[in-house]
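Chain by chain, the residues run as shown.
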Amino acid sequence: MQFKTLPGFREFYPEECLQRNHLFSVWRSVARSFGFAEYDAPILEPLELYIEKSGEEIVGQLFNFEDRGGRAVALRPEMTPSLARLVGARANGLKRPVRWFNIGEHYRYERPQKGRLRAFYQFNADILGIEGAAADAELIALMVQSLRRLGLSSEDFRVRLSDRLLWKVILEAAGLEGASASAVLGVVDKMERLPREKTLELLTPHLAEPDAWLTRIEAMMAQVDSVEALKAFLDELHPSLSPDGQTLAAARLAEWQVLLRELKMLGVGDFIRIDLGIVRGLAYYTGFVFEAFETSGDSRALAGGGRYDDLVAKLGGPGMPAVGFAMGDVTVFDLLKSKERLPPCFQKPDVAILVEGETGRGSALQLATVLREQGCSVEVPLKAQSMNKQLKAAQQKGAAVAVCFYPELAEGAEVRVRHFADRTERTLALDEAASLVLATLDQAAFPDEL
Ligand code: HAM
C-alpha cells in the first residue's frame, strides 16, 4: 500500500524546497532591512493559550489533543499569542520598541481548498511597546516591500485598511455595545462572502432596523475611500454619538491622518485602499486592521494584521501596545505562479570530479575535500563509469567545471580540467588543480595566468 500525506499537508521535493527557501530568504532579508530581529517559539503550546485569545474561528480549527501527561495541548495555529507571552515575560529587560520577526509552520484544521491548507508557513512581523500610527505604517510598509521584493507590483496586490476602533464608533451610533457589538462585527467580517439576505438575517436579532442600517453601512463602505470622505461620514454620525464616542471619533480621524501620511512618506501610498469592510476574524485586534489581497480580489488574503494593544496584558504580562501582521506562503506562491514570477531555482554543483579507473581515486577524493572546505559544492563519482558518461552527466547537472582523473594522467600526478561554458580544457599538475578551479569559479572562465 502506498501511503499518502494527510489532507492539507505538503511534501517538498528539492525544487520546491529551493522555491520555499527563496521565499524565506526574501522575507528574512526584508525584515532585517527594517531592523527586525528573528525569534522562535514552540510548535506545540498549551491549548489554553488560544482559547478566548485568538477568537472562535481559530479555536474551531485547532489541532488539539491530550499529551501523555494529561495536558491539553495544541499545534500552533498562529504566532501572536506565543509572541505576546515571550515579550510579556521579559518586558522589563527588553529595549522598546521590540521589532521581531519569525518564519515558521502553523497548523489549522480547515477544509483544504485553494489558498487554504492545514499546514502552512507564515512570516510574522510585529512591533511591541509603542503606541501611535507610525508603527502601524512601518509594518504595512514592511508587508508591501516583502511582496515587492518577490517581484509583485501595485498592479498585482493591494492593502485594504480598516479600523476596529472606528467600528466601535459606528456600532455605538447604532446603539450597539458589548456582546451584540461583537456579534454584528462578526457579521460584517463575513458580509463580503454572504448573500445580502443572509447578512440581514444574521443582523436582525441585534438591530431594530437591520435593512436601513445595512444600506447605510454599504453606502459608507462604498464611499469612504479617503480621509476627507471619512471625516464627512464621521460628521454625519456625530449627533448620534455620546461625548466619549465623539472624542474617540475625533482621535481616530487624527490617527488616520498620521497613518496615511506616514505610508505616503514610506513610498507605499499607491498600494493602500481604505476599506472599512475589513474587520479581521481574530478577537484581539484593538485598532487599525489591514489585509493584503491580490488585485483581482477573488483569492484569500496574502497577509493580514493589525494593532492588538491588550493581548500582552491578557496573557499575564504588563500593559504593552503592539501591532503586527502575518503573511502566508500558500497564497503568495499561488499569486507568484499565476503571474509567472516564480524565480527559476536550480541547484547545480560548482565542480564535478570525475575518475576513470581506481588509480586517481585517492587524489580525487582529497581534492574534493580541499574544494569543499573552500565552500565549493563538489560531486564525486560513487560508481565506476566511462569518462564520457561522467562528463555528459556533469554537464547535464549544470556543473561549471569538471576535474577529470584519467589513469594515464594520474600516474604523472596530472589532471584535466574542463570548463563547460566555453568548452575549453587544460591539463595541469594535480597540485595546481585546486587554485585553478577556485580562480575559474570566481571568473566564470579559465584565468589567463595562475
Ligand atoms: P491570519 O489572518 O489568521 O492572521 O493569517 C495571516 C495569513 O496567514 C493569511 O493572510 C494567510 O495568508 C495565511 N493563512 C492563514 N490560515 C491559512 C491556511 N489555513 N492555509 C494557508 N494560509 C493560511 C494571523 O495569523 C495573525 N496572528 C497575524 C498577526 C500577527 N496579527 C498580529 N501579528
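These notes cover the structure that comes with them.

1. Digging into helix 10 (residues 243-265)
- For helix 10, spanning 23 residues, the distance from its first C-alpha to its last is 34 Å, which sits close to the expected 33 Å at 1.5 Å a residue.
- Buried within helix 10 are the following residues: Gly245, Ala249, Arg252, Leu253, Trp256, Leu259 and Leu263.
- Check the buried side of helix 10 and you find it contacts helix 4 (133-148), strand 7 (157-163), helix 5 (164-173), helix 9 (227-237), strand 8 (272-274) and strand 9 (288-294).
- At the C-terminal side of helix 10, Gly267 shows a positive phi close to 80 degrees.

2. Thoughts on the sheet that holds strand 4 (residues 72-75)
- Judged by pairing direction, the sheet is antiparallel, and its 3 strands sit side by side in the order 2-4-3 without closing on themselves. The sheet terminates laterally at strand 2 (44-46) and strand 3 (64-66), the two strands that pair on one side only. Across this sheet, the average inter-strand angle for adjacent strands is 35 degrees, counted without regard to direction.
- In this sheet, strand 4 lies alongside strand 3 in antiparallel orientation, the contact comprising 3 bridges. The residue bridging Asn64 from the neighbouring strand is Ala74, located in strand 4.

3. With respect to the pattern of salt bridges
- Evaluated as defined, the whole model comprises 22 salt bridges.
- For Asp334, the salt bridge is made with Lys114, and the minimal N-O distance between the two is 3.8 Å. With Asp334 in helix 12 (residues 329-338) and Lys114 in the loop between strand 5 (98-107) and strand 6 (119-128), the pair connects residues that are 220 residues apart, well separated along the chain.
- Of the residues examined, Asp334 reaches a relative accessible area of 25% and is grouped as partly exposed.
- A relative accessible area of 62% means that Lys114 is categorised as exposed.

4. Topic: the packing of aromatic side chains
- For the structure on display, the rule yields 14 aromatic pairs.
- Relative to Tyr109, the ring of Phe63 lies with its centre 5.3 Å away and its plane at 70 degrees, an arrangement referred to as edge-to-face. Here Phe63 is found in the loop between helix 2 (56-59) and strand 3, whereas its partner Tyr109 is found in the loop between strand 5 and strand 6, with 46 residues between them in sequence.
- Overall, Phe63 belongs to the buried group, its relative accessible area being 18%.
- Every member of this aromatic cluster is reached through a ring pair, and the members are Phe12, Phe24, Trp27, Phe101, Tyr121, Phe123 and Phe325.
- Over the ring of Phe12 we find Arg20; its NZ or CZ atom is 4.5 Å from the centre of that ring.

Rules and cut-offs
Each chain carries its own residue numbering, running from 1 in the written order of its sequence. The predicted origin of the model limits local features to residues at a pLDDT of at least 70 and limits the giving and counting of side-chain atom pairs to 80 or more, whereas totals for whole chains, interfaces and linings rest on all residues. Side-chain numbers here rest on the full set of heavy atoms in the structure, without hydrogens or water. Secondary structure elements are defined from DSSP: runs of H or I of at least 4 residues count as helices, runs of E of at least 2 residues count as strands, and each element is numbered from the N terminus. Here the expected length of a helix is defined as 1.5 Å per residue gap, with one fewer gap than residues. Between buried and exposed lies partly exposed: a residue is buried under 20% and exposed over 50% of the maximum accessible area for its type, with that area taken using a 1.4 Å probe on protein chains only. Contact between two residues is taken to exist if any of their heavy atoms lie within 4.5 Å; hydrogens are not considered. When DSSP finds two or more bridges between a pair of strands, those strands are recorded as paired. Under this scheme, a helix contributes an axis fitted over its contacting stretch, all axes are lines through C-alpha atoms, and angles between N-to-C directions fall in the 0 to 180 degree range. In what follows, salt bridge is the name for a side-chain nitrogen of Lys or Arg lying within 4 Å of a carboxyl oxygen of Asp or Glu. The criterion for an aromatic pair is that two Phe, Tyr or Trp rings (for Trp, the six-membered ring) have centres within 6.5 Å, with stacked assigned to planes under 30 degrees apart, edge-to-face to planes over 60 apart and tilted to the rest. Both a distance and an angle decide whether a charge sits over a ring: NZ of Lys or CZ of Arg must be within 6 Å of the ring centre and within 35 degrees of the ring normal.

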